[in-house]
Amino acid sequence: MVHTIVGANWGDEGKGKITDLLAVNADIVVRFQGGANAGHTIINEYGRFALHLLPSGICNPEVLNVLGPGVAFDIEAFLKELDEVRAMGVPEPQIAISERAQVLMPYHILLDVYEEERLGKQSFGSTRSGIAPFYGDKYQKIGLQVCQLYYPDVLREKLAHALEIKNALITSLYHKEPIDLEEMITKLHELAERIRPYVADTDEILLNAVREDKNILLEGQLGTLRDPDHGIYPMVTSSSPLAGYAPVGAGVPVWSIKEITAVTKAYSSCVGAGPFTTELFGDEAEELRRRGGDHGEYGAKTGRPRRVGWFDAVATRYGCEGQGATEVALTNLDVLSYLDEIPVCVAYDWKGTRIERFPVTPKLEECTPIYEILLGWKTDIRGITKYEDLPENCRNYVEYLEKQIGCPIRLVSNGPRREEMIYR
Ligand code: GDP
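Residues numbered from 1 in each chain as written. Predicted model: local features only at pLDDT ≥ 70, side-chain atom pairs only at ≥ 80, totals over all residues. Heavy atoms only, no water.

Enquirer: Whenever I open this one, the site of the ligand confuses me. Can you help?
Expert: The full set close to the ligand counts 20 residues, and G16, H40, T41, D294 and S413 are the nearest of them. Interatomic distance of 2.7 Å between a backbone N/O atom of G16 and an oxygen atom of the ligand. The contact in question runs from a nitrogen atom of the ligand to an N or O atom on the backbone of G293, over 3.0 Å. Isolated, the ligand exposes 570 Å² of accessible area, and the fraction of that covered by the protein chains is 98%. Contributing elements (two or more residues each) for the shell around the ligand: α1 (15-22) and β3 (40-44). Ranked by residue count, the leading element in the shell around the ligand is α1, at three residues. Looking at side-chain class alone, the shell around the ligand contains two nonpolar, 11 polar and seven charged residues. (Near = heavy atom within 4 Å. Polar contact = N/O pair within 3.5 Å; in protein donor to acceptor, adjacent residues only side chain to side chain. Areas by Shrake-Rupley, 256 points an atom, 1.4 Å probe, with all protein chains shown as cover. Helix = DSSP H or I, 4+ residues; strand = E, 2+ residues; numbered from the N terminus. Nonpolar A, V, L, I, M, F, W, Y, C, P; charged D, E, K, R; others polar.)

Enquirer: What is the right way to look at the pattern of salt bridges in this model?
Expert: Think of it this way: side chains of opposite charge can pair up when their charged atoms draw near. One pass over the structure, following the stated rule, counts 30 salt bridges. Here R156 makes a salt bridge to E182, at a shortest N to O gap of 2.8 Å. Residue R156 is located in helix α5 (residues 152-172), and its partner E182 is located in helix α6 (residues 181-195); the two are separated by 26 residues in the primary sequence. By relative accessible area, R156 is classed as partly exposed at 38%. Of the charged contacts in the structure, one is a salt bridge between E366 and K351, with a shortest N-O distance of 3.8 Å. Of this pair, E366 sits in the loop between α11 (361-364) and β18 (367-375) while K351 sits in the loop between β16 (341-350) and β17 (353-355), and the two are 15 residues apart along the sequence. Taking the relative accessible area as the measure of exposure, E366 reaches 40% and is therefore partly exposed. Judged by its relative accessible area of 61%, K351 falls in the exposed class. (Salt bridge = Lys/Arg side-chain N within 4 Å of Asp/Glu carboxyl O. Buried < 20%, exposed > 50% of the residue type's maximum accessible area, 1.4 Å probe, protein only.)

Enquirer: Where do I start with the sheet that holds strand β19 (residues 409-413) in this structure?
Expert: One key point about sheets: their strands pair by backbone hydrogen bonds, in either a parallel or an antiparallel sense. Strand order in this open sheet of 10 strands is β9-β7-β5-β2-β10-β1-β11-β15-β19-β20, and the pairing throughout is mixed. Each edge of the sheet is formed by a strand with only one pairing partner; in this case those strands are β9 (199-200) and β20 (421-423). With four bridges connecting them, strand β2 (residues 28-31) and strand β5 (residues 64-67) associate as parallel partners. Considered in β5, the bridge of I28 is made with L64. (Pairing = 2+ DSSP bridges.)

Enquirer: Which parts of the structure should I look at to understand the side chain of N65?
Expert: Within the fold, N65 resides in strand β5. Residue N65 is classed as buried on the basis of its relative accessible area of 0%. A distance of 3.2 Å separates the side chain of N65 from the backbone nitrogen of G57, its partner in a polar contact. Discounting residues that sit within four places of it in the chain, N65 has contacts with V29, P55, S56, G57, I58, P93, Q94, I95 and A96. (Contact = heavy atoms within 4.5 Å.)

Right, dumping it as structure tokens:
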């Protein structure tokens with residue numbers, strides 16, 4: 001059975017924790033898009049991890065962790081993260097890297113950094129991991145697949161062609177030093193040898209696993225609202241974080257996906273630029289930010305303070321629909337325990353008109369939230385393991401959100417640790 005875990009919002013919904021939890025019963029965990037630009041926080045018996053590129057099954061030696069063809073594969077980031085995981089005492093993990101995945105080059109990172117610098121205030125809030133230049137090259141067909149690293153003539157020819165274009169940009173637009181072809185080739189040869197044991201035909205591995213009815217988890221990064229087609233374009237990421245893309249980016253048949261879990265927080269949080277209708281500011285924001293997540297709402301990749309706000313049912317309903325969610329996992333419910341009253345955004349006001357459908361970006365910029373106020377529960381709910389044992393107002397909150405989203409909330413997370421989970 002193939003199970004996909006994806007974000008319903010702007011990312012950072014707590015997918016890492018849900019995947020880590022479900023990975024206990026999984027045979028294979030697959031990353032299908034994105035690269036080292038986001039971060040999943042996982043807290044288990046080995047400690048606290050901020051995973052960027054490695055799949056969330058990495059702590060379980062029984063699980064095969066796959067980086068699918070849709071991933072932006074940054075070899076140095078991968079090796080560094082693997083070393084960090086080993087240093088935490090995690091047993092040697094099983095890893096397979098798709099031979100069709102493309103390599104995120106050091107010049108993609110440089111171009112990302114230079115472009116954000118050039119844009120200054122108009123920047124997209126990129127994590128400067130090279131993701132946009134990488135996917136640009138992939139679709140411009142000047143990217144390099146992992147398999148091509150092992151064909152020296154192909155590598156040289158492809159790289160020379162790409163560098164001609166990149167160096168023109170680097171020197172004339174950004175006025176920086178050009179990249180040296182020979183140095184780049186030497187470096188890539190070295191890196192290619194280091195990853196050689198992991199490179200595989202992951203499409204075949206996964207197809208066989210599907211035929212044998214193995215448990216496969218496909219792990220998305222970011223969320224619906226960062227999808228290039230359905231999100232808040234252009235403040236989006238460069239690959240699709242949707243469950244609909246998962247079979248493509250992972251390499252499994254579409255029909256094999258049986259469950260799609262959309263993860264959402266009990267409030268909203270967002271890293272990076274773009275319209276964020278329920279955003280809070282000042283003391284109210286500071287308090288929620290400080291109490292949120294496992295150590296405050298700060299980006300797992302960048303350490304940037306996350307923007308925070310009340311639960312946005314308009315955005316989340318749209319987010320779950322876009323994912324084709326079969327169920328919802330609601331995380332960080334414990335964070336709201338300090339509040340007397342909890343606003344929930346149920347619709348937007350657009351120039352005096354009430355709208356319930358998540359609009360296109362320019363219209364979204366003109367919307368303000370319409371709130372319903374729910375009563376808080378004012379008691380610590382961490383440690384509770386049965387849904388019936390949650391305070392009544394807390395259950396009312398969950399059930400109210402469920403009605404608003406229109407999809408069953410089957411998992412309720414009341415703490416950052418793996419075991420802090422209530423099943424409904
Ligand atoms: P991801 O990218 O979707 O995996 O999300 P992140 O890991 O970036 O952000 C989620 C944050 O919430 C992390 O700090 C998690 O440790 C934390 N977290 C996840 N579930 C819960 C929960 O139920 N309660 C609390 N307090 N923190 C949680």
